[in-house]
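# Summary of the model geometry
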Amino acid sequence: MENEQSFSDICGGRLALQRRYYSPSCREFCLSSPRLSLRSLTVVTSTVWLAAYGLFTVCENSVVLSAAIFITLLGLLGYLHFVKIDQETLLIIDSLGIQMTSSYASGKESTTFIEMDKVKDVIINEAIYMQKVIYYLCILLKDPVEPHEISQVVPVFQSAKPRLDCLIEVYRSCQEILAHQKAPSTSPQAHQKAPSTSPSIQKASIVSRGK
Amino acid sequence: MVSFGDPGMVLKAFFPTCCAAADSGLLVGRWVPEQSSAVVLAVVHFPFIPSQVKEFLAQVQQTSQVGVAVLGTWCHRRQEPEDNLGHFLEGLSAIFSHEPWLQLCREKGSTFWSCKATRWQGSTSPGAPSEDQVMIVFYDQRKVLLSQLHPPAILPDQETGDAAAGAVGLAAVFHTVARSEVLFRSDRFDEGPVRLSHWQSDGVEASILVELAKWASGPICLLLASLLSLVSAVSACWLFKLWPLPFIWSKLSTCEQLRYRLEQLTLIFSPQKAENPSQRMRKANMCVSVLLDVALGLTLLSWLHGKGRIEQLADALVPVADRVAEELQHLLQWLMGAPAGLKMNRALDQVLGRFFLYHIHLWISYIHLMSPFIERIVWHVGLSACLGLTVSLSILSDIIALLTFHIYCFYVYGARLYCLKICGLSSLWRLFRGKKWNVLRQRVDSCSYDLDQLFIGTLLFTILVFLLPTTALYYLVFTLLRLLVITVQGLIHLLVDLINSLPLYALGLRLCRPYRLAAGVKFRVLEQEAGRPLRLLMQINPLSYGRVVHTYRLPRYGCHPTHSWGSLCRKLFFGELIYPWRQREDKQD
């Protein structure tokens, strides 16, 4: 089963959320942000080159022009390979773990896999980012020594930064799988967090520093 | 005896990709009840005698300490469905009882497999078998066997005990595969009572050279280790411990580097085997860095000895030193006049200038005394390059320190004078405010001074204030020169540190065999069909280059600039001496 839905990120840009339900115990959420647009690329390149040309008319040294070309090329390569993330994927497999993949525009992929016995919960959190308060989905990791403590908070969809409506969709699906895993081990009364109810938004316990 | 996992958990069958083409048979592997996962290690082919299989598995279990058992059946239908085989396979579960009993089946012409996991106990109605949900995880047996998980899940001291139980999560899978290496030892040409299918090497390849090298490495290591112990015994001899010598040794970076090289060589040629992977990696890294260092050194040596470059260098060295001294003389003469239009105290200026000029004169005569021997010295220094580039770089750093000794002296004089003035000024400033420094209590107390004391204090304060600019100017100029020399030496030290500490072997391993250093795993969901079990492909997630360098970096030697920028500026302002080697002495204490 596969469906696609369109959402917007915190700045109003378009995001596409693809949901793939492989089996009841395995789901994948794929957030793709728009590709690098030709317009912004042209604007940046022509700005750099015009500035270089201006400098060239002042100092009359052609090294400036070749340096500008190299800077643009290297900058573009670096941007595509290290900065621009095209797609972020969250794969959640029951009783195995959660995998986060970010694919860069150049095709590089960086993957993190968190085993299920290290995951405490998946929550939506509030954070102060620049001048606004945003919501983000994050995975809470168990402390290996004390299982009731949280050792680390791993944010998901860090570069796409989707809005709350998109996060709620992902959150519900994740909770369904997590609840399915917890259900046999704990009594059904202990489960207050039914997946159909609205997500519990934990008050800003963790405030991320604005970049 | 048989423990079963959490019945709510999805059963995970880890299946090696190399067995996908194997004939029908029995699945052999380990059952991890905590995670309800079955790690399939091999397939036993028909025909077999059950008692022989059981005996073989008991043998493997004894040597590898991994609970290897028959997990279920594997059925690969090449022709049209044979019903009798299916019944026969079901019947096997009575002989090899396992809970749950896996039934993997691959049909002809279909990429999708069917998988059933049956358990008789633990179901709601006794007697009737219950079926679990199953997902198949494919893994590359060879890569999982060879890879090393970071950070290590098992502490080295736990290794001897029942370590398989200590590993949790996917580390247990890695551990199981790594420990059951005994199972994989037989290759496809072996004819035993039990025919197995698993990852196999294509027979052992042997080269006479490699065998000879292996055979010779033991005695050679012993010989070299004894030679090295002799060298270290000589260097520890009492003659080298006489009073001024240890002090000088500790100041020369060449000695540090030689000591470090000796340590490296002792470790490389030590006859005892490295126990754990991290030690083995450390040894390999050290070996590669020494080899690279020596190779670079030999390149330098061959470059130096070609076309009489040594003579050119030696001829150039004395004029350069002369030139530096000349420039310094010009600088001093400029300072003795009215530098940058500043009006200095003429008398003090002249005294200081003459003092420094006399020093330079002494220095030049010293250099000219040395000049006949310089070529021989350079030749010997060039020979040291066969010990490695780092050694010759350290010697270069020491030579720079020796050739700029006059700058160091000027800096010390200037700093001492400046420091004296700053101290005097600060204490006299306290006198103005009616305060004094209480030495006993380590604080500033108030104090009433007499008229004479105040008069003398004011007089001295005035003199010091008017003389301060002259001293400060000399101090500033020589500090800048000193900082320049320290920067050059620091860059050389940085290069030496880089060659010494970079884990080249680990980096090469990461580049050519990325699966050997694993940060974890990643999963890829394979094509699905409704009603069939979920199929995943487990791949190895290689360690990033940054983490490789961070994990395997060799310990550093030599001095590091541990001054923070703030403390450096403070020290410069108050005229305290900055030594590049001060930190090293502190470290030894």
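By convention here, each chain's residues receive numbers from 1 onward along its written sequence. Going through the entries in the order they are written, you letter the chains from A and number the ligands from 1. A pLDDT threshold of at least 70 governs which residues receive local features in this predicted model, and a stricter bar of 80 or more applies before side-chain atom pairs are shown or counted, although totals over entire chains, interfaces and linings include all residues. Side-chain numbers here rest on the full set of heavy atoms in the structure, without hydrogens or water.

## Observations concerning the overall build of chain B
The helix and strand tally for chain B stands at 19 helices and 14 strands. Type-normalised accessible area, obtained with a 1.4 Å probe on protein chains alone, sets the label of each residue: buried when under 20%, exposed when over 50%, and partly exposed for intermediate values. Within chain B, the fraction of its 589 residues that count as buried is 41%. Any two residues having at least one pair of non-hydrogen atoms within 4.5 Å are treated as being in contact. Residue pairs in contact within chain B that sit at least 24 positions apart in sequence constitute 72% of those at least 6 positions apart. The accessible surface values rely on the Shrake-Rupley method and a 1.4 Å probe; as for residues, cover is taken only from the protein chains in view. A total accessible area of about 33100 Å² is found for chain B, and carbon and sulfur atoms account for 65% of it. Think of it this way: any DSSP run of H or I at least four residues long counts as a helix, any run of E at least two long counts as a strand, and we number them from the N terminus.

## Here we look at the UniProt feature "transmembrane region" (unreviewed entry) in chain A
Residue and element names in this part refer to chain A. UniProt positions are given in the numbering used here, feature names are shortened, and annotations may be inferred rather than shown by experiment. The residues that UniProt annotates with the feature "transmembrane region" (unreviewed entry) are residues 36–56 and 62–82. The span residues 36–56 is 90% helix and 0% strand, and its two end C-alpha atoms sit 29 Å from each other. What you have in residues 62–82 is 95% helix and 0% strand, and the ends, taken at the C-alpha atoms, are 30 Å apart.

## Some details on the UniProt feature "transmembrane region" (unreviewed entry) in chain B
Residues and elements named next belong to chain B. UniProt's entry tags residues 351–369, 381–404, 410–432, 453–477 and 483–507 with the feature "transmembrane region" (unreviewed entry), counted in the numbering of this structure. Here residues 410–432 is 100% helix and 0% strand, with 33 Å between the C-alpha atoms at its ends. End C-alpha atoms of residues 483–507 are separated by 35 Å, and the span's content is 92% helix alongside 0% strand.

## Looking at the packing of aromatic side chains
All names here are of chain B. Pairing of aromatic rings covers Phe, Tyr and Trp, the last through its six-membered ring, and needs centres within 6.5 Å; plane angles under 30 degrees mean stacked, over 60 mean edge-to-face, and all others mean tilted. All told, the structure shown has 18 aromatic pairs over all chains when counted by the stated rule. Judged by centre distance (6.3 Å) and plane angle (90°), the ring pair of Phe-15 and Phe-138 falls under edge-to-face. On the criterion of sequence distance, the pair formed by Phe-15 in strand S1 (residues 11–16) and Phe-138 in strand S8 (residues 134–139) is long-range, its members being 123 residues apart. For the pair shown, Phe-15 and Phe-138 are each scored as buried. Centroid distance Phe-356 to Tyr-474: 5.8 Å. Interplanar angle 35°. Geometry classified as tilted. Residue Phe-356 is found in helix H11 (residues 346–370), and its partner Tyr-474 is found in helix H15 (residues 451–501); the two are separated by 118 residues along the sequence.

## Digging into the interface of chain B and chain A
Taken together, the contact between chain B and chain A spans 17 residues of the former and 17 residues of the latter. Once two parts are put together, the accessible area they lose, assessed with a 1.4 Å probe and summed over both, is termed the buried area. Across the chain B to chain A interface the summed buried area is about 1500 Å²; carbon plus sulfur atoms make up 63%. Considering only the surface of chain B that becomes buried against chain A, Phe-523, Val-525 and Leu-534 of chain B emerge as the three largest contributors, covering 29% of it. Here a salt bridge means any side-chain nitrogen of Lys or Arg lying within 4 Å of a carboxyl oxygen belonging to Asp or Glu. The tally of links between chain B and chain A comes to 0 salt bridges. Whenever a nitrogen or oxygen atom comes within 3.5 Å of another N or O atom, the pair is scored as a polar contact, on the condition that within protein one atom can donate a hydrogen and the other can accept it, and that pairs from neighbouring residues in sequence are kept only if both atoms are in side chains. Linking chain B with chain A are 4 residue pairs in polar contact (both at pLDDT 80 or more), by the criterion used here. If you list the elements that add at least two residues to the side of chain B that touches chain A, you get strand S13 (517–525) and strand S14 (534–542) of chain B. Top element by residues in the side of chain B that touches chain A is S13 of chain B. It accounts for 4 residues. Residues of the side of chain B that touches chain A, tallied by class, amount to 10 nonpolar, 5 polar and 2 charged. Put simply, Ala, Val, Leu, Ile, Met, Phe, Trp, Tyr, Cys and Pro go in the nonpolar bin, Asp, Glu, Lys and Arg in the charged bin, and everything else, Gly too, in the polar bin.

## Here's the deal with a nonpolar patch on the surface
Patches here are clusters of residues that have more than 30% relative accessible area and form no salt bridge, with a 9 Å joining cutoff for like charges and a 5 Å cutoff for nonpolar side chains (Val, Leu, Ile, Met, Phe, Trp, Tyr). A cluster of nonpolar side chains, Leu-227, Leu-230, Val-234, Trp-238, Leu-239, Phe-240 and Leu-242 of chain B, forms an exposed patch at the surface whose accessible area comes to about 720 Å². Within the fold, Val-234 of chain B resides in helix H6 (residues 208–235).

## Here we look at the pattern of salt bridges
Residue and element names in this part refer to chain A. Overall, the coordinates contain 9 salt bridges over all chains when judged by the stated rule. Notably, a salt bridge pairs Glu-28 with Arg-20, separated by 2.5 Å at the nearest N-O pair. You'll find Glu-28 and Arg-20 in the same group, each marked buried. A salt bridge links Glu-176 to Arg-27, with the nearest nitrogen and oxygen atoms 2.9 Å apart.

## Focus: the nonpolar core
One finds Ile-93 of chain A together with Phe-523, Leu-536 and Met-538 of chain B to be the most contacted residues of the largest nonpolar core, which totals 49 residues. Beyond its immediate stretch of four places on either side in the chain, Phe-523 of chain B contacts Leu-91, Ile-93, Leu-96, Gln-99 and Phe-113 of chain A together with Val-137, Leu-170, Leu-536, Leu-537 and Met-538 of chain B. Working definition of a nonpolar core: buried Ala, Val, Leu, Ile, Met, Phe, Trp, Tyr and Cys residues. They are joined through side-chain atoms within 4.5 Å. Phe-7, Leu-17, Met-100 and Leu-141 of chain A belong to the second largest nonpolar core, which has 29 residues in total.

## Focus on the domain arrangement of chain A
All names here are of chain A. Domain start and stop positions are those given by an automatic or database domain assignment. Considered domain by domain, chain A is made up of domain 1 (2–36 + 84–208) and domain 2 (38–82). Here domain 1 and domain 2 share an interface that buries about 680 Å² over both sides, 59% of which is from carbon and sulfur atoms. Taken together, the connections running from domain 1 to domain 2 amount to 0 salt bridges. Inspection of the domain 1/domain 2 interface yields 4 residue pairs in polar contact (both at pLDDT 80 or more). Its residues placed into classes, the side of domain 1 that touches domain 2 shows 3 nonpolar, 1 polar and 2 charged.

## Things to note about the environment of Phe-48 of chain B
Residues and elements named next belong to chain B. Mapping Phe-48 onto the fold places it in the loop between strand S3 (37–45) and helix H1 (50–64). A residue is classified by how much of its surface remains accessible, and Phe-48, at 15% relative accessible area, is buried. Along the primary structure Phe-48 and Ser-250 are separated by 202 residues, whereas in three dimensions their C-alpha atoms are 72 Å apart. Leaving out residues up to four positions away in the same chain, Phe-48 has contacts with Leu-26, Val-53, Leu-92 and Phe-96.

## Comments concerning the pairing of S14 of chain B
Residue and element names in this part refer to chain B. Burial analysis of S14 places 7 of its 9 residues in the buried class, the great majority of the element. Strands were regarded as paired on the criterion that DSSP finds at least two bridges between them. Strand direction decides the pairing type here: S8 and S14, joined by 5 bridges, are parallel. Counterpart to Ile-136 in the pairing with S14 is Arg-535. Here S13 pairs with S14 via 7 bridges, running antiparallel.

## Some thoughts on helix H9 (residues 277–305) of chain B
The terminal C-alpha atoms of H9 of chain B, which comprises 29 residues, lie 42 Å apart, in line with the 42 Å expected from a rise of 1.5 Å per residue. A positive backbone phi angle near 60° is found at Lys-307 of chain B, which sits one or two residues after H9 of chain B. Working rule for helices: expected span equals 1.5 Å times residues minus one.

## Description of the sheet that holds strand S2 (residues 14–23) of chain A
Residues and elements named next belong to chain A. Pairing is antiparallel in the open sheet, where 6 strands are placed in the order S1-S2-S3-S4-S5-S6. Whereas interior strands pair on both sides, the edge strands pair on one side only; in this sheet they are strand S1 (2–8) and strand S6 (109–115). Neighbour-to-neighbour, the strand axes of this sheet turn through a mean angle of 15°, independent of strand direction. Sheet topology note: the S1/S2 ladder contains 7 bridges and is antiparallel. Counted as the bridge partner of Ser-6 is Ala-16 from S2. To get an axis, fit a line to the C-alpha atoms, keeping to the stretch in contact for a helix; angles then go from 0 to 180 degrees between the N-to-C directions. Its contacts with the sheet place helix H3 (residues 164–182) against S1, S2, strand S3 (26–32) and strand S4 (85–93), and it is angled at close to 165° to S3.

## Points about the side chain of His-359 of chain B
Among the structural elements, His-359 of chain B can be located in helix H11. When neighbours within four sequence positions are excluded, His-359 of chain B is seen to be in contact with Cys-409, Phe-410 and Tyr-413 of chain B.

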